[in-house]
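# Observations on chain architecture
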Amino acid sequence: MANTIKAKLDTSILLKRDPWLEPFVGSISHRYDLFSKWKAEIERTEGGYEQFSKGYQRFGFNVQRDNSIVYREWAPNAVTASLFGEFNEWNRQSHPMAKNSFGVWELTLPPVNGQPAIQHDSKIKLSMTIPGGERIERIPAWIQRVTQDLSVSPVYDARFWNPPESERYKFKHPHPPKPDNPKIYEAHVGISTAEGRVGTYKEFTKNVLWRIADLGYNTIQLMAVLEHAYYASFGYQVTSFFAASSRYGPPEDLKELIDVAHSLGLTVLLDVVHSHACKNVLDGLNLFDGSDHLYFHEGGKGRHELWDSRLFNYGSHEVLRFLLSNLRFYMDEYGFDGFRFDGVTSMMYLHHGIGTGFSGGYHEYFGDKVDLEGVVYLMLANDMLHSIYPNVLSIAEDVSGMALLCRPVIEGGVGFDYRLSMAIPDMWIKMLKEQSDDAWNMDDVVHTLTNRRWQEKAVSYAESHDQALVGDKTLAFWLMDKEMYTHMSDLTPLTPIIDRGIALHKMIRLLVSSLGGEAYLNFEGNEFGHPEWLDFPREGNGNSFHYARRQWNVVDDQILRYRYLNEFDKAMNHTEDKYHWLSPNDSGHVSLKNESDKVIVFERVGLVFIFNFHPTQSFVDYRVGAQNAGKYRVALSTDEKRFGGHDRISLDSEYFTEPLEWNGRKNFLQVYIPTRTALVLARAD
């Protein structure tokens, strides 16, 4: 089951790939040694990953074959502990727990008339006394369902989740194959309705999954699933790690969502937050057993000053059990196919990335600012996932550019499959905010899109989900701003602002998809230029849901221009399906970055990509290099009428190469490339 890890790292493999790592071999070997020691310790004490990562079958509530219930909780600082709830009329004394030498409390509740003593979906709570005699009450740490009634209190209630067999969701469909060209649709279930309320798992399954599949995406990344106290936190202030958010419905509905996604060929990733936890005490992990240092580091080391949250102690045996089991739980119980790890930069550095810029110098990645405990946890997590689930997909959200982040652990890497190319969306926003179109620097654009570590796969994206939030702007808003409210109908004149916005929106997304990485990501609604920002209900907006939704009606309306962007996104993804330009085996060759013409030309997987960003100039018989000789035809044009273009390029045109070297390529061909248009040519012979 577990892959073989060598006692000592063979550094010859990584040095062959990257000789610049040679001065840091000692640091890389040291962190690998720490990883190996932890893995050996898990093998020795727990029998390996297989048992260690199934902590949810030992801790929390587990119903036995005879319907007795065993409840275990790690709370070493507690002096006494008892379970109470609706099942015992909230009696704190009737069900005391016993503590073992490891600080684990345990209680077995015998069946009552052959049935579990605690009724399904009834409320429960843990009561403890701590040194000094104070009584504290907590939600069980491993609880699998919590609910919130804001009309009563913002504090969550823990519920015993044990549906009868007839109500348990039965998975019907196999997992799809692991995509080698992930096209990721990042989605938030709660905002996925056009109505002013929280959307549900059921609605997402019925109304959104088909849209994602139809658009040609092959992967979904679900945000805000782990239960979080504050809806407006976007899911990043987690209180109960094993509880899928009840805002959107019961656990069985989430299982159905994932199963139906699989039936459509969609891989499903969970946006997992192991970088920090909500500081809530009554319904979170903070001060769980009255101590400051149970799941987290104590003092300042255990607190994130910007996020106002608690930081895990990745050097603790029981914390590792909790977090690794959390990953295993969502893979086994819900059928997820992998994870996008949030806040990886914070996990890997002692400064958490606060007030720190990264130059790309290797000393930043292997020096005394690195949090070795955090890095080793990520190595253990990726090693565990890839050894138990060979087809798992793991993505790191890291802004630092950490070397070896996406290389296998056995090579001394951290083990992720992909990293997010976070500099790309920042570049586009900076350009749109600060530069006129004729000042765009083609060399800077290409450099940012191609500046990634060799043989470390990257997820490119044109805009982040944070840009959709109130106070920032999406690409569509930066491009078209207030005219989106008045001139996005075919019944209104096509203004220069809307024409420019539609053209550049398509070009930017195609350029990012085709040159920026080995995977591509889009946030829900951005594919059609969603006309409103995202603002969750909060005190500052009167707790309104008006902007906490996705207005699918505007893309479905056949007289609105949003449909053009949607149709292009669909065509782009399906063209990628046909030619696989996201292939990790070909990162592309850029043959032209012409600053005066504002033209970029490159080849990838045999396709020729031509982008004319010039705001006014079209070019006739424009000569572009092509390595492969032959006849070419149009595979995709951003200027098609169905994409809101002007049909200036004939889709029936044929382009023949001439055997003369041009821009370092063996051949050239000549094209008509209108202003603000991108053209993709494919060999026709």
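So, a few notes on the structure that sits alongside this text. Small disclaimer: the values here were computed from a predicted structure and weren't measured.

## Concerning the overall build of the protein
Tallying secondary structure elements over the protein gives 16 helices and 29 strands in all. Rg of the C-alpha trace for the protein: 27 Å, near the compact-globule value of 26 Å for 685 residues, within the 12% margin. Structurally, the protein occupies a C-alpha span of about 85 × 60 × 45 Å along its principal axes. Looking at the protein residue by residue over its 685 residues, the buried ones come to 60%.

## Some points on the packing of aromatic side chains
Taken as a whole, this structure holds 50 aromatic pairs when the rule is applied. Here Y314 and Y377 contribute two aromatic rings whose centre-to-centre distance is 5.3 Å and whose plane-to-plane angle is 15°, an arrangement assigned as stacked. Linking Y314 in the loop between β16 (309–310) and α7 (317–332) with Y377 in helix α10 (residues 372–388), this pair joins segments that are 63 residues apart in sequence. Given a relative accessible area of 5%, Y314 falls into the buried group. Stacked on the ring of Y334, the Lys or Arg K255 has its end atom at 5.6 Å from the ring centre. A cation over a ring is seen here: R623 above F668, with NZ or CZ 3.8 Å from the ring centre.

## Overview of the sheet that holds strand β22 (residues 589–594)
Reading across from one edge, β22-β23-β24-β29-β26-β27 is the order of the six strands in this open sheet, with antiparallel pairing throughout. A strand with exactly one partner marks an edge of an open sheet, and here the two such strands are β22 and β27 (654–656). On average, each strand axis in the sheet is tilted by 25° relative to the strand beside it, whichever way the strands run. When β22 meets strand β23 (residues 599–604), the two strands line up antiparallel, connected through five bridges.

## Re the pattern of salt bridges
For the structure shown, the criterion picks out 52 salt bridges. The closest approach of N and O atoms between E165 and R168, which form a salt bridge, is 3.9 Å. What makes E165 exposed here is its relative accessible area of 53%. By relative accessible area, which is 31% here, R168 ends up partly exposed.

## Regarding the side chain of R138
As for its position among the elements, R138 is in strand β7 (residues 135–138). An unpaired buried charge is present at R138: no salt bridge exists, and E134, the closest side chain of opposite charge, is 6.5 Å distant. Within the structure, the side chain of R138 is placed 3.3 Å from the backbone oxygen of F288, a separation counted as a polar contact.

## Looking at the pairing of strand β24 (residues 607–612)
Every other side chain in a regular strand lies on the same face of the sheet, so the side chains alternate between the two faces. Counted residue by residue, β24 has six buried out of six residues, so it is predominantly covered. Side chains L607, F609 and F611 of β24 all project onto a buried face; the interleaved residues V608, I610 and N612 project onto the opposite face, where all are buried too. With six bridges connecting them, β23 and β24 associate as antiparallel partners. Bridging across to β24, E603 finds its partner in V608. Joining the antiparallel neighbours β23 and β24 is a turn of two residues, in which V605 adopts a positive phi near 45°. Across five bridges, β24 lies against strand β29 (residues 677–683) in antiparallel orientation. Residue pairing across strands places F609 opposite V680, the latter belonging to β29.

## Points about the environment of R138
Taking the relative accessible area as the measure of exposure, R138 reaches 5% and is therefore buried. Here R138 is in contact with K125, L126, M128, V281, L282, N286, L287 and F288, once residues within four sequence places are set aside.

## Some remarks on unusual backbone geometry
Here the phi dihedral of F234 falls at roughly 65°; this positive angle occurs in a residue that is not glycine. Of note, F234 is situated in the loop between β12 (226–228) and β13 (238–244). On the basis of relative accessible area, F234 is assigned to the buried category, the value being 3%. Look at D647: it is not a glycine, yet its phi comes out positive at around 55°. Along the chain, the position of D647 falls in the loop between β26 (631–637) and β27.

## Comments concerning the nonpolar core
Core analysis: the largest hydrophobic core is formed by 184 residues, its most contacted members being L222, Y295, F341, Y377 and W428. The greatest single-element share of this core, amounting to 10 residues, is contributed by α10. Residues within four places of L222 in sequence aside, it is in contact with A187, V189, F204, L254, L257, V268, L269, L270, D271 and F336. Counting 18 residues, the second-largest nonpolar core is a separate cluster that includes V601, V608, Y632 and I673.

## Side note on helix α12 (residues 442–450)
Where α12 is concerned, the buried positions are M442, V445, V446, T448 and L449. Take α12 and look down its axis: the buried residues cluster within an arc of 165°, on one side only. For α12, the capping residue at the N-terminal end is N441, with a side-chain oxygen 3.0 Å from the backbone nitrogen of D443.

## Quick word on the packing of helix α2 (residues 25–46) against α7
Following both chains from N to C, one finds α2 and α7 inclined at 90°, their axes separated by 12 Å at the closest point. Compared by their axis directions, α2 and α7 come out roughly perpendicular. Within the contact between the two elements, α2 uses W38, E41, T45 and E46 and α7 uses H317, L320 and R321. The class makeup of the residues in the contact of α2 with α7 is two nonpolar, two polar and three charged.

## Some remarks on the environment of S240
Structurally, S240 is set in strand β13. A relative accessible area of 3% means that S240 is categorised as buried. Residues S240 and E256, 16 residues apart in the sequence, show an inter-C-alpha distance of 21 Å. Among residues more than four places away in sequence, those in contact with S240 are I139, I143, V146, L226, E227 and D283.

## Side note on the packing of α7 against α10
Where α7 contacts α10, the axes come no closer than 11 Å and their chain directions differ by 35°. In the crossing of α7 with α10, the sense of the turn from one axis to the other is right-handed. Contacts from L320, L323, L324, L327, R328 and M331 in α7 reach Y377, L380, A381, M384, L385 and I388 in α10. Considering only residue class, the contact of α7 with α10 consists of 11 nonpolar, no polar and one charged.

Basis of the calculations
- In this convention, every chain numbers its residues from 1, walking through the sequence in written order.
- Side-chain atom pairs in this predicted model are given and counted only at pLDDT of 80 or more, local residue features only at pLDDT of at least 70, and totals for whole chains, interfaces and linings cover all residues.
- Here the side-chain values reflect all heavy atoms present in the structure, with hydrogen atoms and water set aside.
- To qualify as a helix, a DSSP run of H or I must reach at least 4 residues; to qualify as a strand, a run of E must reach at least 2; elements of each kind are numbered from the N terminus.
- The reference for a compact globule is 2.2 Å times residues^0.38; the radius of gyration itself is calculated from the C-alpha atoms.
- A simple rule labels every residue: compare its accessible area, found with a 1.4 Å probe on the protein chains alone, to the largest value its type can have, and call it buried under 20%, exposed over 50%, or partly exposed in between.
- In this analysis, rings of Phe, Tyr and Trp, with Trp reduced to its six-membered ring, are considered paired at centre separations within 6.5 Å, and the interplanar angle assigns stacked below 30 degrees, edge-to-face beyond 60, and tilted for intermediate values.
- We call a charge positioned above a ring when the Lys NZ or Arg CZ atom is no farther than 6 Å from the ring centre and deviates by at most 35 degrees from the ring normal.
- In this analysis, strands are considered paired if DSSP registers two or more bridges between them.
- The convention used is that axes are lines fitted to C-alpha atoms, helices contributing only their stretch in contact, and that angles between N-to-C directions extend from 0 to 180 degrees.
- Salt bridges, as used here, are contacts in which a Lys or Arg side-chain nitrogen is within 4 Å of a carboxyl oxygen on Asp or Glu.
- When charges are counted, Lys and Arg are positive and Asp and Glu negative, with His and the chain ends excluded.
- Two N or O atoms form a polar contact when they lie within 3.5 Å of each other; inside protein one atom must be a possible hydrogen donor and the other a possible acceptor, and for residues adjacent in sequence the pair counts only when both atoms belong to side chains.
- In this description, contact between two residues means that some pair of their heavy atoms is separated by no more than 4.5 Å.
- The definition of a nonpolar core used throughout is a set of buried Ala, Val, Leu, Ile, Met, Phe, Trp, Tyr and Cys residues joined through side-chain atoms within 4.5 Å.
- Think of it as the arc spanned by the lines of direction from the helix axis to the C-beta atoms.
- Orientation categories follow fixed angle ranges, with anything under 35 degrees roughly parallel, anything over 145 roughly antiparallel, 65 to 115 roughly perpendicular, and all other angles oblique.
- Any residue that is not Ala, Val, Leu, Ile, Met, Phe, Trp, Tyr, Cys, Pro, Asp, Glu, Lys or Arg is counted as polar, Gly included; the first ten are nonpolar and the last four charged.
- A crossing counts as left-handed when the near helix is turned anticlockwise from the far one by less than a right angle, and as right-handed when that turn is clockwise.

As far as function goes, none of this settles anything; it's purely spatial.
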